[in-house]
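Structure assessment
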Amino acid sequence: MTLHAPTRYTPDVEEVQPDEAEVVDQLKESFRHILDTTSQDYGHAVRSVHAKAHGIARGTLTVHPGLPPELAQGLFAQAGDYEAIFRISTNPGDILSDEIGLPRGLALKVLGVAGDRLPGSEGDTVQDFVMVNGPVFAAPDAKAFSKNLKLLAATTDKAEGAKKVFSHILRAVEAPLEAVGLPSTTLKQMGGAPNTHPLGETYYSATPYRYGDHIAKLALFPVSPALTRLTGEIVSTRGRPDALREEVNAVLGREGGQWELRVQLNRDLEAMPVEDPTVEWKEADSPFLTVATLTVDPQPGWTEGASEPVDDALSFNIWNGIAAHQPLGNVNRARRDTYRFSAEYRGTFNGCPMHQPRHLADLP
């Protein structure tokens, strides 16, 4: 198979819309509603999205030597080891029982990364990658993202029992669609996602980033046997509100894990658009190529009383990083100020302003 040459990054690959500032204000209002609601209920501020963590683990990201020039870009320009930490979660802004099947997220923070910084990230040395367990984003643009978030805000911290029942019904509807190759993103967002083991999942950036001279999406693939044997495994969650946390804790504590960070280079702006993250970039047009390995030694994935301070201290934003990995597209531009708003709200409410760690030892 002959692949097209990678697309060169230039600023005009993005198409800035005239109403983007207005949409960002709408997103902030939805975030504020979620944060006000949950902070009142819990007496403590949690994230406006992805509030519930199922596991946090520290590890090492090893950038591979001998990468070809199109892959040796930005963070990955030189071989080396970096401290890293990840957080696995589900997407609502309230902390729900795991009986409600929802899409998963994995946020990865790489420490000690040198390079020109993105606006708002000056003075830090982290590179954040925020991923979900599906290759596409749930909305084609920031306007649609705002509508989805407004719906999520309206249901925050309401009728958990009804959500459990609704989730069981939606999973029954979604499973046959999945079986014939027609998974429904909408049904999954509403509670119809299968309760697969979080450590067996592949996590995708879904949205594009600048990749030095090029444009790319990224993904984290499980590769060690302890993880790959969990791919597709359904976790029994009935009567177990924290089942996913328990399962993640057991595997990480016993065996740790290893993942490959892979890059999918843009090779055709029409077939692989920057501004619509609901369009999947086909691997036939551009396969995912490995650039680094994430290694996590055996450790607890969650320890009651000890993990909560770490969770509070961490904030992830795709705009925490270097200019060589600038997030691209309308959705990503909207996420910059809204995610910062959420982190600042948490820091203010909890009386502990957010600071990016320079070393893992800086964390609680």
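Quick caveat: nothing in here was measured; it's all calculated off a predicted structure.

Next up on the list: the overall build of the chain. Looking only at helices and strands, the chain features eight helices and nine strands. Taken across its 364 residues, the chain has 53% of its residues classed as buried. In the chain, once contacts between residues fewer than 6 apart in sequence are set aside, the share between residues at least 24 apart is 79%. As displayed, the chain offers around 15300 Å² of accessible surface, 54% of which is attributable to carbon and sulfur atoms.

The geometry of helix H1 (residues 20–42) relative to helix H2 (residues 142–154) is characterised by a closest axis approach of 9 Å and an angle of 20° between their N-to-C directions. When the interaxial angle is binned, H1 and H2 end up roughly parallel. Of the two elements, H1 crosses H2, and the hand of that crossing is left-handed. Between H1 and H2, the residues in contact are Val23, Gln26, Leu27, Ser30, Phe31, His33 and Ile34 and Ala142, Lys143, Phe145, Ser146, Leu149, Lys150 and Ala153, respectively.

Next up on the list: the environment of tyrosine 42. Looking at the secondary structure, you find tyrosine 42 in helix H1. Counting along the chain gives 52 residues from tyrosine 42 to aspartate 94, while the straight-line C-alpha distance between them is 9.6 Å. Within polar-contact distance, the side chain of tyrosine 42 engages the backbone nitrogen of isoleucine 95 at 3.0 Å.

With that settled, consider the packing of aromatic side chains. Throughout the structure, instances matching the rule amount to ten aromatic pairs. Relative to phenylalanine 221, the ring of tyrosine 204 has its centre 6.2 Å away and its plane inclined at 70°; by these criteria the two rings are edge-to-face. Here tyrosine 204, found in strand E5 (residues 203–204), pairs with phenylalanine 221, found in strand E7 (residues 214–222); they are 17 residues apart in sequence, far enough to count as distant. For the residue pair tyrosine 204 and phenylalanine 221, the accessibility class agrees, reading buried in each case. Note on tyrosine 345 and phenylalanine 349: the rings are 6.3 Å apart at their centroids and 5° apart in plane angle, and the pair reads as stacked. Taken together, the residues tyrosine 345 and phenylalanine 349, both in helix H8 (residues 330–349) and four residues apart, mark about one turn of the helix. Looking at tyrosine 345, the relative accessible area reads 16%, which means it is buried.

Moving on, we come to the nonpolar core. Counting residues in each nonpolar core, the largest one holds 54 residues, and the members touching the most others are Leu61, Phe76, Phe86, Leu199, Trp259 and Leu294. Excluding its chain neighbours within four sequence positions, the residues that come into contact with leucine 199 are Ile88, Pro222, Leu227, Leu230, Val248, Val251, Leu252 and Trp259. If you look at the next biggest cluster of nonpolar residues, it comprises 20 residues, including Ile34, Ala45, Ala206 and Ala334.

The next point concerns the pairing of strand E8 (residues 257–265). Burial within E8 is extensive, with seven of its nine residues counted as buried. Of the pairings in the sheet, the one linking E7 to E8 comprises seven bridges and is antiparallel in character. Directly across from proline 222, in E8, lies its bridge partner tryptophan 259.

Our next topic: the confidence of the model for the chain. Averaged over the chain, the pLDDT score is 90; the fraction of residues at 70 or greater is 90%. Contacts from residues 159–184, a stretch scored under 50 in pLDDT, to residues over four places away or in other chains number 47 contacts. Scored below 50 in pLDDT, residues 186–191 shows 26 contacts in the model against residues more than four places distant or in partner chains.

Quick look at the pairing of strand E4 (residues 127–132) now. Remember that side chains alternate between the two faces of the sheet whenever the strand is regular. With respect to burial, E4 is a largely interior element, five of its six residues being buried. In the sheet, strand E3 (residues 104–110) pairs with E4 via six bridges, with the strands oriented antiparallel. The partner of glycine 105 across the bridge, within E4, is valine 132.

Turning next to unusual backbone geometry. Although it is not a glycine, histidine 50 adopts a positive phi angle of roughly 60°. Considering the arrangement of structural elements, one finds histidine 50 in the loop between H1 and strand E1 (53–63). The phi torsion at alanine 206 lies on the positive side, around 65°, for a residue other than glycine. Within the element layout of this structure, alanine 206 appears in the loop between E5 and strand E6 (209–211).

Attention shifts here to the side chain of histidine 214. Within the secondary structure layout, histidine 214 lies in strand E7. Since its relative accessible area comes to 6%, histidine 214 is described here as buried. Aside from chain neighbours lying at most four places away, what touches histidine 214 is Pro6, Thr7, Arg8, Tyr9, Glu70, Gln73, Tyr209 and Leu265.

Our next topic: the side chain of glutamine 356. Secondary-structure assignment places glutamine 356 in the segment after H8. A polar contact of 2.7 Å, which involves the side chain of glutamine 356, links it to the side chain of lysine 109. Here glutamine 356 is in contact with Lys109, Asp124, Val126, Ser315 and Asn320, once residues within four sequence places are set aside.

Reading guide: rules and limits
Residues numbered from 1 in each chain as written. Predicted model: local features only at pLDDT ≥ 70, side-chain atom pairs only at ≥ 80, totals over all residues. Heavy atoms only, no water. Helix = DSSP H or I, 4+ residues; strand = E, 2+ residues; numbered from the N terminus. Buried < 20%, exposed > 50% of the residue type's maximum accessible area, 1.4 Å probe, protein only. Contact = heavy atoms within 4.5 Å. Areas by Shrake-Rupley, 256 points an atom, 1.4 Å probe, with all protein chains shown as cover. Axes fitted to C-alpha atoms, helices over the stretch in contact; angles between N-to-C directions. Parallel < 35°, antiparallel > 145°, perpendicular 65-115°, else oblique. Left-handed = near helix turned anticlockwise from the far one by under 90°. Polar contact = N/O pair within 3.5 Å; in protein donor to acceptor, adjacent residues only side chain to side chain. Phe/Tyr/Trp six-rings, centres within 6.5 Å; stacked < 30°, edge-to-face > 60°. Core = buried A, V, L, I, M, F, W, Y, C linked by side-chain atoms within 4.5 Å. Pairing = 2+ DSSP bridges. pLDDT = per-residue confidence, 0-100.

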